[in-house]
Amino acid sequence: MTDLSSNTGGIRSPNPFWLASAPPANSGAQVQRAFDAGWGGAVWKTLGTPIQNVSSRFGAHHVTGARHVGFNNIELITDRPLEVNFREIEDTKKKYPKHAVIVSLMVESRDEWRDIIKRSVDTGADGLELNFGCPHGMCERGMGSAVGQEPKVNQEITSWAVEYSTIPVLVKLTPNVANIVPHGLAAKRGGAHGVSLINTIKSIIGVDIDRFVPEPRVGGLSTNGGYCGQAVKPIALHMVASLAREKEFGLPISGIGGVANWRDAVEFILLGSSSVQVCTEVMLRGYRIVEDMIEGLEDYMRSHGFATLDQMVGKAIPQFSEWGNLDLNYETVAKIDAQKCIGCNKCMIACDDGAHQCIHHDPAGSKVPVVDEAECVGCNLCKIVCPVEGCITMAEVPNGWAPATWNDHVNQGLALRPKKGAH
Amino acid sequence: MATTPIDPDRSETVFEDYKGSYSRDQALAEASRCLYCFDPPCVKACPTEIDIPQFIRKIATENVRGSARTIFASNILGMSCARVCPVEKLCAGACVFNDLHQAPIQIGKLQRYATDTAYDAGWRFFDAGPDTGRSVALVGGGPASLACAHELRRHGHRCTVFEQRAVAGGLNVTGVAPYKMKADRGADEVAWVLGIGGIEVRTGVTVGVDVTLAELATDHDAVFLGIGLGADSALGVPGESLPGVQGAVAFLEAMKLSKVSVAGVRRAVVVGGGNTAVDAVRALRGLGVADVTMLYRGDEAAMSGYAHEWAAAKVAGARAEWRGVATGFDAGADGRVAAVRCQRLDAQRKPVDGDVFTLAAELVLVAIGQAKLDALVAPLGLDTKGGRIVTDADGATSRPGVFAGGDARNGGKEVVNAAAEGKRAATAIDAFLRGSAR
Ligand SMILES: Cc1cc2nc3c(=O)[nH]c(=O)nc-3n(C[C@H](O)[C@H](O)[C@H](O)COP(=O)(O)OP(=O)(O)OC[C@H]3O[C@@H](n4cnc5c(N)ncnc54)[C@H](O)[C@@H]3O)c2cc1C
Ligand SMILES: Cc1cc2nc3c(=O)[nH]c(=O)nc-3n(C[C@H](O)[C@H](O)[C@H](O)COP(=O)(O)O)c2cc1C
Ligand code: SF4
């Protein structure tokens, strides 16, 4: 039997899929529908002193042929009365005792933190998430990413929360920092039971080039917003992995940022996430996406021999290293499968103008280009632009050179193979 | 026990798939195009209400097993439906891309990709429920009974299917056009459905002859009638019994299960304008008959055969003679049919005085409908209307414990209707069995 159940810093859920703190987790009716659809947990839309939002508040990054690959918002925390939220949280927890209900919080003073934490704990919720991440609006008021960008403040507020809370505390980190590690460590010093990341990335999603106003437009003005959705996954993966491999860190991680399907979730888990949170993909397509996420993860675990989630959390971390540890003598070259090639020559123009000018027309006149393997540096560009799956592969070249990393070279004088394409 | 094997050396094997299968890349590309609509028209257009956006998204994420599960959960005959459904009239015809004047999603081909992958991999998704000790007799081994039996097994009721032919599968094996699905693939589906266990199939048993319906009703706790329609209807005109004049469904069955010869046939006429007529026309062209004419009493716009099917028949080189009826057949010197005598009709389908003509033909297939089998159910005293067995929405007939679905109930629709009706009836049978005292 494959066991999908997850435990993030003592917060347990039947599967690792949680709604991120955002519109899909705005109300009891929504969260309960999500649980019925299969979600294992939900981080309630951030509570604090209710705010007033603008209209409109979302923008999207459309790319030719694909809509909304990236998404941005300028909405703030909850705009609903606190008592209503707390009543619904309690009701949800009663009806769904096995699911994880986490209350996301953002207030200012120590007294406010004490008060709101007590009320949150009283709902029967499974955990708290401190929103130190929101990069717009709230930070101007000294909250959100204004806290998350200052390790000292982060640590201090975290320690208050841990003091007042009888349930696990996760700290939600902002990606709007140069290096995530000190911020994760600050949360740890504050006593957090785990961290969640990433929140949204400061961004301007686009500009209305006829009105000269950035988007989304609020009357005649706009402001910077938070970027999220599938496009941010690479940034999120890096930040999750950076903390996961940090020896001093060691806290559980709830991974967030661009998760759209089971494969994305598997990637986050392999890089150290015990749970994954989703906002944008649910906003775009609905709670129903979780069915595929559960099935896909289950199938993946079965086919890779993982009986429990723990067995796969962080499985790719040992293979995430420093540049200086990569083998410089490892060599690959591009191979084009003549049977599969359709003759679009996209690889040729990419290599010509963007790489090392080593893909040429077939001298014999066929439509299949040829790779000058003596010049090919194995950069991967041609494979990336090739529209035919499996047509271009990067083949390992047994060049006879013993492995040597940059660190080996500098520290032990190990020999490096001659450079290619550097003339 | 279940079925005799399909003859590998049969006439239909000359046909190629009209809509081929997708490679993985093709399936991914097409699946990624789907908008993942919510509560969409495609699902409403599917009689079995498969969650189409969900199964397509699962192909796009390469969760093909989950995709197949989604399909089979709604329609256990999803593999054959993927091939034989007139998707242009059903799901794909309702796809929102039509409103954008863009090509609709190829739902049938994607469904074929997922279900074929499941068959190839041997994935099974459903287990029989705990034995209830109840048993159901299912008359006819076609799509309606198979869908019904599978669902009954999930509820834990034992099933016995009585099929008069040597093979089970109904028209899905003996009737559907070979360029959509060949008989062996239909038989694969029968085996797949029976894989749930606990369904006994008795082939070669004609209910009403070898065993009576009344006996079945006594021996079992409930009866499901999935008997479909009967033999080809006849025109009732002189010369119809000449060699070379044949019912179209009978001819197609012969082609699908054994060998038919069109040697010496240069010209053929198919009488009728429904889908069976169009299938027969395309089959004859595919078998190599040079000149195939469809003789139909109405205009092109009035034919009940689907426009997309007829368009494909025209591409295959078929011709039509509109507003004509066959009034008799003439024999040639060899005693076989040589010509069809025809009468022209006007727009009101009244004979046009003096407008008669002749079509030369060495083979004539009559495709004007199939007989109804109401005589079989007469001893049970079931309500019928126009030859159809009358039931409520769930398939319950006028006699408690007797249910019906498929062509026998709906008068002749599609495989997917039979699948939907069979499954729905199973739910009603289950409720009946649980409600009735032993
Ligand atoms: C030529 C032709 C082509 C078609 N093409 C398509 C297509 O492309 N796509 C599509 O969706 N639909 C098509 N259809 C329609 C489709 O085949 C039927 O709607 C569907 O098979 C109905 O299923 P059923 O189970 O109700 O009946 P059937 O498939 O007719 O099965 C009934 C079974 O009951 C058996 N039976 C009957 N009487 C008795 C008895 N007394 N005792 C024991 N057994 C009995 C019969 O032998 C038969 O096997 C086609 C039909 C025809 C005639
Ligand atoms: C409209 C919107 C509102 C959000 N509101 C909150 C919030 O109230 N609290 C919070 O911690 N994060 C909030 N987020 C951030 C998300 O929880 C999440 O961290 C981020 O969107 C990245 O995940 P995704 O790519 O799955 O969307 C919001 C995001 C969006 C798009
Ligand atoms: S999504 Fe709903 S709330 Fe938002 S603009 Fe559209 S209709 Fe209004």
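Residues numbered from 1 in each chain as written. Chains lettered and ligands numbered in written order. Predicted model: local features only at pLDDT ≥ 70, side-chain atom pairs only at ≥ 80, totals over all residues. Heavy atoms only, no water.

### Observations regarding the packing of aromatic side chains
Reasoning step 1: Within this structure, the stated rule accounts for 15 aromatic pairs over all chains.
Reasoning step 2: Taking 6.4 Å as the distance between ring centres and 85° as the angle between the ring planes, the aromatic pair formed by Tyr296(B) and Trp322(B) counts as edge-to-face. Taken together, the residues Tyr296(B) in the loop between β7 (291-295) and α14 (307-315) and Trp322(B) in the loop between β8 (319-321) and β9 (324-331) connect sequence positions 26 residues apart.
Reasoning step 3: Lying across the ring of Tyr36(B), Arg288(A) places its NZ or CZ 3.6 Å from the centre.
Reasoning step 4: Between Arg33(B) and the ring centre of Phe97(B), over which it is positioned, the NZ or CZ distance is 5.1 Å. (Phe/Tyr/Trp six-rings, centres within 6.5 Å; stacked < 30°, edge-to-face > 60°. Helix = DSSP H or I, 4+ residues; strand = E, 2+ residues; numbered from the N terminus. Lys NZ or Arg CZ within 6 Å of the ring centre and 35° of its normal.)

### A word on the environment of Leu173(A)
Residue and element names in this part refer to chain A.
Reasoning step 1: Looking at the element boundaries, Leu173 is found in the loop between β9 (169-172) and α6 (181-189).
Reasoning step 2: Residue classification places Leu173 among the buried positions, given a relative accessible area of 1%.
Reasoning step 3: Ignoring any residue separated from it by four or fewer positions in sequence, one finds Leu173 in contact with Gly133, Asn154, Ile180, His183, Gly184, Val195, Ser196, Leu197, Ile198, Asn199 and Leu243. (Buried < 20%, exposed > 50% of the residue type's maximum accessible area, 1.4 Å probe, protein only. Contact = heavy atoms within 4.5 Å.)

### Things to note about the pattern of salt bridges
Residue and element names in this part refer to chain B.
Reasoning step 1: Taken as a whole and judged by the stated rule, the model has 53 salt bridges over all chains.
Reasoning step 2: One salt bridge in this structure joins Lys182 and Asp17, with 3.9 Å as the shortest N-O distance. In this pair, Lys182 sits in the loop between α9 (171-174) and α10 (183-194) while Asp17 sits in the segment before α1 (24-33), placing the two residues 165 residues apart along the sequence.
Reasoning step 3: Lys182 gets classed as buried once you look at its relative accessible area, which sits at 16%.
Reasoning step 4: Here Glu88 and Lys19 are joined by a salt bridge, their closest N and O atoms 2.7 Å apart. Here the residue Glu88 occupies a position in the loop between α5 (78-84) and α6 (91-94), and Lys19 occupies one in the segment before α1, the gap between them amounting to 69 residues.
Reasoning step 5: We classify Lys19 as partly exposed; its relative accessible area is 31%.
Reasoning step 6: Look at the salt bridges and you will find they share partners, linking Asp17, Arg83, Arg112, Asp116, Lys182, Arg185 and Asp188 into a network. (Salt bridge = Lys/Arg side-chain N within 4 Å of Asp/Glu carboxyl O.)

### Here's the deal with the site of ligand 2
Residues and elements named next belong to chain A.
Reasoning step 1: Ligand 2 sits among 24 residues. The nearest are Ser21, Thr46, Lys172, Gly258 and Thr280.
Reasoning step 2: The separation between an oxygen atom of ligand 2 and a polar main-chain atom of Ser21 is 2.8 Å.
Reasoning step 3: The separation between an oxygen atom of ligand 2 and a polar main-chain atom of Gly229 is 2.9 Å.
Reasoning step 4: When ligand 2 is considered free in solution it has 610 Å² of accessible area, and contact with the protein chains removes 98% of it.
Reasoning step 5: Put simply, the parts of the chain that give the shell around ligand 2 at least two residues each are β4 (41-47), β6 (66-73) and α9 (280-285). (Near = heavy atom within 4 Å. Polar contact = N/O pair within 3.5 Å; in protein donor to acceptor, adjacent residues only side chain to side chain. Areas by Shrake-Rupley, 256 points an atom, 1.4 Å probe, with all protein chains shown as cover.)

### What to know about the pairing of strand β6 (residues 267-271) of chain B
Within a regular strand, the side chains alternate between the two sheet faces.
Residue and element names in this part refer to chain B.
Reasoning step 1: Summarising burial for β6: 4 of the 5 residues are buried, a large majority.
Reasoning step 2: Note: β6 against β7, 5 bridges, orientation parallel. Paired with Val271 across the strands is Leu295, a residue of β7.
Reasoning step 3: For the crossover that starts at β6, traverses helix α13 (residues 275-287) and ends in the parallel β7, the hand is right-handed.
Reasoning step 4: The sheet contact formed by β6 and strand β12 (residues 363-366) spans 4 bridges and is parallel. When the bridges of β12 are listed, Val269 appears paired with Val364. (Pairing = 2+ DSSP bridges. Right-handed = clockwise from strand over helix to strand, strands pointing away.)

### Concerning the environment of Val69(A)
All names here are of chain A.
Reasoning step 1: Relative to the assigned elements, Val69 resides in strand β6.
Reasoning step 2: Classification of Val69 by relative accessible area gives partly exposed; the value is 23%.
Reasoning step 3: Distance from Val69 to Lys340, taken between C-alpha atoms, is 29 Å for residues 271 residues apart in sequence.
Reasoning step 4: Sequence-distant contacts of Val69, that is, excluding residues within four places in its chain, are made with His61, Val63, Gly229, Gln230 and Ala231.

### Thoughts on the packing of helix α4 (residues 64-74) of chain B against helix α7 (residues 107-121) of chain B
Residues and elements named next belong to chain B.
Reasoning step 1: Put simply, α4 and α7 touch, their axes get as near as 9 Å, and they point 105° apart. What the angle tells us is that α4 and α7 run roughly perpendicular. Across the interface between the two elements, Val64, Ser67, Ala68, Ile71 and Phe72 of α4 pack against Gln111, Tyr113, Ala114, Thr115, Thr117, Ala118 and Tyr119 of α7.
Reasoning step 2: Grouping the amino acids of the contact of α4 with α7 by side-chain chemistry returns 8 nonpolar, 4 polar and no charged. (Axes fitted to C-alpha atoms, helices over the stretch in contact; angles between N-to-C directions. Parallel < 35°, antiparallel > 145°, perpendicular 65-115°, else oblique. Nonpolar A, V, L, I, M, F, W, Y, C, P; charged D, E, K, R; others polar.)

### Regarding the environment of Pro252(A)
Residues and elements named next belong to chain A.
Reasoning step 1: By secondary structure assignment, the location of Pro252 is in the loop between α7 (233-244) and β15 (253-256).
Reasoning step 2: For the pair formed by Pro252 and Asn345, sequence separation is 93 residues and the distance between their alpha carbons is 47 Å.
Reasoning step 3: Excluding residues within four positions of it along the chain, Pro252 makes contact with Thr8, Gly9, His193, Gly194, Val195 and Ser274.

### Points about the sheet that holds β6(A)
Residue and element names in this part refer to chain A.
Reasoning step 1: In space, the 4 strands of this open sheet follow the order β5-β6-β14-β11, with antiparallel pairing throughout. Taken across any chain shown, the strands that pair with only one partner, and hence form the sheet edges, are β5 (58-63) and β11 (201-203). The average undirected angle you get between the axes of adjacent strands in this sheet is 45°.
Reasoning step 2: Taken together, the 5 bridges between β5 and β6 define a ladder with antiparallel strand orientation. Looking at β6, one finds that His61 is bridged to Gly70.

### Remarks on the sheet that holds strand β3 (residues 17-19) of chain A
Residue and element names in this part refer to chain A.
Reasoning step 1: Strand order in this closed barrel of 8 strands is β3-β4-β7-β8-β9-β10-β15-β16, and the pairing throughout is parallel. Strand-to-strand twist in this sheet, taken as the mean axis angle between neighbours without regard to direction, amounts to 25°.
Reasoning step 2: Two elements, β9 and strand β10 (residues 194-197), share 3 bridges in a ladder whose sense is parallel. Note on β10: the bridge partner recorded for Val171 is Val195.
Reasoning step 3: Against the sheet, α7 makes contact with β10, β15 and β16 (273-278), and its axis sits at roughly 165° relative to β15, the strand it touches most.

### Details of α13(B)
Residues and elements named next belong to chain B.
Reasoning step 1: With 13 residues, α13 ought to run about 18 Å at 1.5 Å a step, and its terminal C-alpha atoms sit 18 Å apart, in line with that.
Reasoning step 2: All of the buried residues in α13 are Ala277, Val278, Asp279, Ala280, Val281, Arg282, Ala283, Leu284 and Leu287.
Reasoning step 3: Looking at the buried side of α13, the elements it contacts are α12 (248-257), β6, β7, α14 and β12. (Expected span 1.5 Å × (residues − 1).)

### Some points on the pairing of β15(A)
Residue and element names in this part refer to chain A.
Reasoning step 1: Neither face of β15 is exposed, since Ile253 and Gly255 on one face and Ser254 and Ile256 on the opposite face are all buried.
Reasoning step 2: Note that β10 and β15 share 3 bridges and pair parallel. Bridging across to β15, Ser196 finds its partner in Ser254.
Reasoning step 3: The parallel pair β15 and β16 is bridged by helix α8 (residues 262-270), and the resulting crossover is right-handed.

### Topic: the domain arrangement of chain B
By a widely used convention, the size of an interface equals the accessible area lost when the partners come together.
Residue and element names in this part refer to chain B.
Reasoning step 1: Under the domain assignment, chain B is made up of domain 1 (18-121), domain 2 (135-230 + 372-433) and domain 3 (245-366).
Reasoning step 2: The centre of domain 1, based on its C-alpha atoms, is set 34 Å off from the matching centre of domain 3.
Reasoning step 3: Between domain 1 and domain 3, the residue contacts involve 4 residues of the former and 4 residues of the latter.
Reasoning step 4: Joining domain 1 to domain 3, the criterion identifies 0 salt bridges.
Reasoning step 5: On inspection of domain 1 and its partner domain 3, the count reaches 1 residue pair in polar contact (both at pLDDT 80 or more). (Domains from an automatic or database assignment.)

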